[in-house]
Amino acid sequence: MTYVERTLLYVGGKTHVKEVCAVLNQAHKLQVGVQLLESPNDSYCYISDGAESLQTDYLAQLLSHRDASGKLQTIALDLSTLHGKSSEAQCAAFRESMRAVAEICRDLNVTTAVEPMLLNFTPSSSMNDRAAPARKAARLVRGVAEGEDDPTCAHHGIVNIFEGGRKEIDKVLKAAMNITEEQSAADAAKIKNMRTHVGWFSSPSCSLIYQTVKYTALFSSKGYAVGSKFRQWILTQLAAQEGDIPGDQLLGSVEDLLAICGSRDYVFFMNAAVTERFSQDGSLLTFLEEEDTMGAEAGGKLRKSILLGFRSDYIMAAVRAMALICDSALWELLRAIGSDTHILDILPVMWPETLAFFEAAAAAPSKVVDGSLTLSLSVAREAKVTPRATRAAIDIARIREKAAGDTIIEKMLSSAFTAMAEGTRNHASEFLPGGNFCSEKITDELRQRLSGMPTTSTSAERTFALGRDHDQRAGACRDDTRSGAILGAMDNTHEFMRGREKGEEEWRMLRRLARRGMKETMAEKRIAAGRVAATERNAKLEGHRAKQAAKKKELARLEAIPLATRYSELKGMVGDELVDQLRKHKLLGKKGFTVTQPNREAYFLQLQTLLLEADPAANDLEDGDSGITGRGIRKKSAGGGGKRKKKKKGVIYYMDYEWTQEEEDDFEVSAIVGKVVADGKATYANQGKAKVGTVLYRVVWKDFPPDLVWYEPEDNLGEGYLKEYEARVAAEAAADEESAREDAELEELEEAEALARDE
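Residues numbered from 1 in each chain as written. Predicted model: local features only at pLDDT ≥ 70, side-chain atom pairs only at ≥ 80, totals over all residues. Heavy atoms only, no water.

## Regarding the sheet that holds strand β8 (residues 695-701)
At step 1: Taken in spatial order, the three strands of this open sheet run β7-β8-β9, and their pairing is antiparallel. The open sheet has two edge strands with one neighbour each: β7 (669-677) and β9 (711-713). The mean angle between the axes of side-by-side strands here comes to 40°, regardless of whether they run parallel or antiparallel.
At step 2: Pairing of β7 with β8 involves seven bridges; the strand directions are antiparallel. Its bridge partner being in β8, Ala671 is matched across the sheet by Val700.
At step 3: Those strands touched by helix α26 (residues 600-614) are β7 and β8, and its axis lies near 45° from that of β7. (Pairing = 2+ DSSP bridges. Helix = DSSP H or I, 4+ residues; strand = E, 2+ residues; numbered from the N terminus. Axes fitted to C-alpha atoms, helices over the stretch in contact; angles between N-to-C directions. Contact = heavy atoms within 4.5 Å.)

## With respect to the pattern of salt bridges
As a working rule, side chains carrying opposite charge can pair if their charged atoms are close by.
At step 1: Inspection of the entire model under this criterion finds 50 salt bridges.
At step 2: Where Lys29 meets Asp78, a salt bridge forms, and the shortest distance between an N and an O atom there is 4.0 Å. One end of the pair, Lys29, is in helix α1 (residues 14-38); the other, Asp78, is in strand β3 (residues 72-81), with 49 residues separating them in the sequence. One exposure class covers both Lys29 and Asp78, and it is buried.
At step 3: What you see here is one network of salt bridges that share partners, running through Glu255, Asp256, Glu276, Arg277, Arg320, Arg388, Arg391, Asp395, Arg398 and Lys402. (Salt bridge = Lys/Arg side-chain N within 4 Å of Asp/Glu carboxyl O. Buried < 20%, exposed > 50% of the residue type's maximum accessible area, 1.4 Å probe, protein only.)

## Looking at the pairing of β3
At step 1: With seven of its 10 residues buried, β3 lies for the most part within the structure.
At step 2: In this structure, strand β2 (residues 56-66) lies alongside β3, joined through nine bridges in antiparallel fashion. Counted as the bridge partner of Arg66 is Leu72 from β3.
At step 3: The antiparallel hairpin formed by β2 and β3 contains five residues in its connecting segment, where Gly70 sits at a positive phi of about 90°.

## Let's talk about the packing of aromatic side chains
At step 1: The full count for this structure, using the stated rule, is 22 aromatic pairs.
At step 2: Pairing Trp659 with Phe704 gives two aromatic rings, centres 5.5 Å apart and planes at 75°, and the pair type is edge-to-face. One end of the pair, Trp659, is in strand β6 (residues 657-660); the other, Phe704, is in the loop between β8 and β9, and 45 residues separate them in sequence.
At step 3: Judged by its relative accessible area of 1%, Trp659 falls in the buried class.
At step 4: The structure contains a cluster of three or more aromatic residues connected by ring pairs, namely Tyr654, Tyr657, Trp659, Phe667, Trp701, Phe704 and Trp710.
At step 5: Over the aromatic face of Tyr58 sits the side chain of Arg482, whose NZ or CZ is 3.7 Å from the ring centroid. (Phe/Tyr/Trp six-rings, centres within 6.5 Å; stacked < 30°, edge-to-face > 60°. Lys NZ or Arg CZ within 6 Å of the ring centre and 35° of its normal.)

## Remarks on the nonpolar core
At step 1: Judged by nonpolar contacts, the single largest core of 106 residues is most densely connected at Phe162 and Phe417.
At step 2: At 16 residues, the largest contribution of residues to this core is made by helix α13 (residues 313-336).
At step 3: With near-sequence residues (within four places) excluded, Phe162 lies in contact with Phe269, Ile325, Ala329, Leu330, Leu333, Phe358 and Met420.
At step 4: Counting 29 residues, the second-largest nonpolar core is a separate cluster that includes Cys91, Ile104, Leu108 and Ala514. (Core = buried A, V, L, I, M, F, W, Y, C linked by side-chain atoms within 4.5 Å.)

## A short note on the sheet that holds strand β1 (residues 45-53)
At step 1: Across the sheet, which stays open at both edges, the four strands sit in the order β3-β2-β1-β4 with mixed pairing between neighbours. The two strands at the open ends of the sheet, each matched to only one other strand, are β3 and β4 (125-127). This sheet shows a mean twist of 25° between the axes of neighbouring strands, independent of strand direction.
At step 2: The pairing of β1 with β4 spans three bridges and is parallel. Note that in β4 the partner of Ile47 across the bridge is Met127.
At step 3: Helix-sheet contacts for helix α19 (residues 458-474) involve β1, β2 and β3, and the interaxial angle to β1 is about 35°.

What is shown is where atoms sit, not what they do.
In structure tokens form, the structure reads like this:
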């Protein structure tokens, strides 16, 4: 008998492939444990995020640190089903992942027992978005108190800041197009799940950009496959021209459109210039007009919608404004955060420079139009010269020419940059002067603690992208096989195992562990997870319903309380009565103040200010009576009440009061009772028309009543006053946000409960 040895391709069956992936999942846990054991003194950053795929919520957890060469390295910790969205559930998932890592290392004799260093591993820092549950979960993982939050993802900050600018552009646009807020709200509700704000009424400009991408983008998952036809058409048209065809850079190049996937709203800004390019005669506009004339079937409604947008001067003005904002600032910001330079060498420099640019651009939008004012960051990488960048430069030159002298574009830019400046103060406050991570507060200890932190949490989003790609190909899978396939590929776990001294022996041990875990079926796992989820859900329902009932009871109580309208009505009030008056004002929609005040006098001054804003005649007290026991105030000058009085040299006269310059130098703040951001148009009492973006605080001076309306910029006020005031504002904003979140969660839980009953 003759034997012939041949190498054959073996295609494993479905069960075999599942087992291999499950073993790979166990091997990946070993990989994480070995890395942590080999670098016990490194500063690790915990990165986490949640997302949905195939109607299942997943939690991605990653760890990043700097290797011996100083380069940032990220390894996935886990990608597991998230059985609860609470901060506590996310923290429990982290602890469960670390327990599994520690046990794998023990079972494979890497450690002699469950290693406490792994079981109790605590990352040095954390990175996530600004969502309150995510930040709380990160604090729980790190074991720190409320208020000790680490920096949040710079990408999320940019998204939110630019989205604020886009909304302001839309306000100007909708006013010009006579689109009402009711129409906008109704339209936004229809498409809120798309998270792209593309309804005509909700955002006409973004609708045009989105539909242009959907219709023509070559790499869009939502496209109509028209992009290749348009590309063929435009190339044929340009080739028919005599001589060179530089027009391809001005009219075509469909590949420049970026697909819009997910919630990165700034992609609209990136696509604005290309959309404007396609609105020209001889480009997509002409192609669509020809298609419309021929009555082509594909995308008929979408085609008409795009043509409507291209032919609207107002919508195209908004598109050009977005393109100018992108060119002047967005690309520079993305270049700055796209490296693995230490986060404290980038963001504490980037954000203050960005804020200064936004304020300057809001004040001088014409300079943004002509290109003399652009964001130039001292920490940004140099822009690469590519064919696409060359075409972008041609687009912007054309757009600048069309936008020159266009007052509506300048108005859009001014409004957008004003909002973006305020957004920067909100979303990047931690890196601005006075923030926890500003340049002045950087120490060697802080640099070491944050050394493993990237500038963004996009590594978690990359994990989800790989997960969704896997799910499209493989469908629903067990957690262990799904995690093994995705994380093993991400972190090259097969290479790790090949490099192990006893890799084959360890693989056999891992296979036994994986098989043991696979005995539990998916149905059994779902039932177990369902029981846990039901317990958590019922506890949440009970808690939220109790809070809702308490809110309704409190609301009814406040509605029955008469609102004071005169200073004299406040005089006899004490303690809770003053608090209730402020709560009543808040209930009636008044903004710009806090219910919580530092002392009794501050409660009176805040209420008196609110009454005065509602009615200038609210002060019905005798001249010199403050209405507050123990607080004396000056009387009005003798010339008050309309009678002209000869002015004395060196005396300042203002709102029927007078004082000397020497006295003004010694003025002391009694209370801060409000805050505004100047829009460059309104006047603010003693400050007049302040520079756009200037933050002004309304103050009440010692020895004066709130009737003396006075604003001061932050630089003129002591840090103690500002910190106390801003802390109160932030605390109440967080409480309001949490209350709104609880209301939304209760509504969602009750809807799910109703659906379950109907089934």
